[in-house]
Structures are given as C-alpha cells and as structure tokens.
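Here's the letter readout for the chains.
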Amino acid sequence: DQEVLAKALVLMERSLELEKPEARESLLTGMLRLAVDAEADEKAALWGQELLDKVQPGWNEGNARHQAHLALGRLALKQGQLEEAESRLLKAGQVPTSPQLGSFGPNMLLAQELLERGSTRPVLEYLEECKAFWASGPLELSQWIEKIKAGEKPDFGANLRY
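Residues numbered from 1 in each chain as written. Predicted model: local features only at pLDDT ≥ 70, side-chain atom pairs only at ≥ 80, totals over all residues. Heavy atoms only, no water.

> Would you take a moment to explain the pattern of salt bridges for this structure?
Note on pairing: side chains with opposite charge can pair once their charged atoms come close. Scanning all chains against the criterion turns up 14 salt bridges. Across the pair Asp37 and Arg74 runs a salt bridge whose closest N-O atoms are separated by 3.0 Å. Residue Asp37 is located in helix α2 (residues 24-37), and its partner Arg74 is located in helix α4 (residues 61-78); the two are separated by 37 residues in the primary sequence. The exposure class assigned to Asp37 is partly exposed, which follows from its relative accessible area of 24%. (Salt bridge = Lys/Arg side-chain N within 4 Å of Asp/Glu carboxyl O. Helix = DSSP H or I, 4+ residues; strand = E, 2+ residues; numbered from the N terminus. Buried < 20%, exposed > 50% of the residue type's maximum accessible area, 1.4 Å probe, protein only.)

Structure follows, in structure tokens:
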C-alpha cells in the first residue's frame, strides 16, 4: 500500500532528523529500500549516492554499499536503464562482509527483477560474488545458481526482504 509506505517514510525521515549524525549511515541504509518502494525515487537516489560517497569503514560498510547499489539499480531498472541496473547488481555483490550479510545473506529483489526481464548472466555473476561475504549461504547460492542455469526461477524466500 503506497499510502502506508509514504507514511512510514515520513516517520523514518523524522527519525533521521532527530538522530545523532553518527547514526545517519545506519539509518539511511535501512531507509533506502523503503524510499524505492514508496516511489520516493529522488530521495532514494540522493540517499544511495550519499551512502556510497560517505560510507565509513566498519561493521556497516558492506550493508551500506550493498543496499545503496541495489536501490540505485532498482531505480535504473525503473527508468529502463538495464545495463546500469545490471552493473549496480554486480557492484552490490562486491562489498565487504558484515554481520548481517554474513549470516542473512544478500538481498535478491533486484536480482529477481532482472531475472524477470531475462537478464540471467549478471544475476549468476552476482550470486558467485555473494559467496565471498555470505559465510552461511554457499549451499543456497549454489542451489539458486543451478535453478537459474536450468531455466527455472529460484525461490529467494526471505532474501527478498533483507
């Protein structure tokens, strides 16, 4: 429901205003997907680029880079820029690990959207890249790769929501 998403985004923006500056990176990381889903494309583009420009080394770096590239990729896909979306997906896979990425794994929403458009090569490359940071996921990644190679659609399950 777009109305609910828009209201949630307003509340998150208010949190961003109230929070200490050092928490901005972590908050923006979580707000990016909400902004894309709420069709606040301009905010999502600004926040995604801000994260890439200002991300600090540390526990959240992988999360921030991963989410920023995915958000910018989804925006590119909405605008019909397939090559840019594919490039962003690959960049999302080339990030340092984090506690979240290492245990829960990558977000697969952009990958699924690209698969729906017949773009398999970058998705397969992305899945291979994710093996470097998803410590608990090699089996799932291998299963998804095999399904895609067999022309089937993998069930990304909860990885569509992370």
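That shown, we press on.
> Would you mind showing me how to read the packing of helix α5 (residues 82-92) against helix α8 (residues 121-130) here?
Each pair of packed helices can be described by the angle between their axes along with the distance between the axes. Between α5 and α8, the shortest axis-to-axis distance is 8 Å and the interhelical angle comes to 10°. Relative to α8, α5 is oriented roughly parallel. Where α5 abuts α8, its residues Glu86, Leu89, Leu90 and Ala92 lie against Arg121, Pro122, Val123, Glu125 and Tyr126. Here the contact of α5 with α8 is built from residues that sort into six nonpolar, no polar and three charged. (Axes fitted to C-alpha atoms, helices over the stretch in contact; angles between N-to-C directions. Parallel < 35°, antiparallel > 145°, perpendicular 65-115°, else oblique. Contact = heavy atoms within 4.5 Å. Nonpolar A, V, L, I, M, F, W, Y, C, P; charged D, E, K, R; others polar.)

> It is not clear to me how the packing of α4 against α5 should be interpreted in this structure. Could you clarify?
At a minimum axis separation of 8 Å, α4 and α5 run at an interaxial angle of 165°. As summarised for this structure, α4 and α5 are arranged roughly antiparallel, according to the angle between their axes. Where α4 crosses over α5, the two elements pack in a sense that is left-handed. For the pair α4 and α5, contact is made by His66, His69, Leu70, Leu72, Gly73, Ala76 and Leu77 and by Leu82, Glu84, Ala85, Arg88, Leu89, Lys91 and Ala92, respectively. Along the lines of polarity and charge, the residues of the contact of α4 with α5 split into eight nonpolar, three polar and three charged. (Left-handed = near helix turned anticlockwise from the far one by under 90°.)

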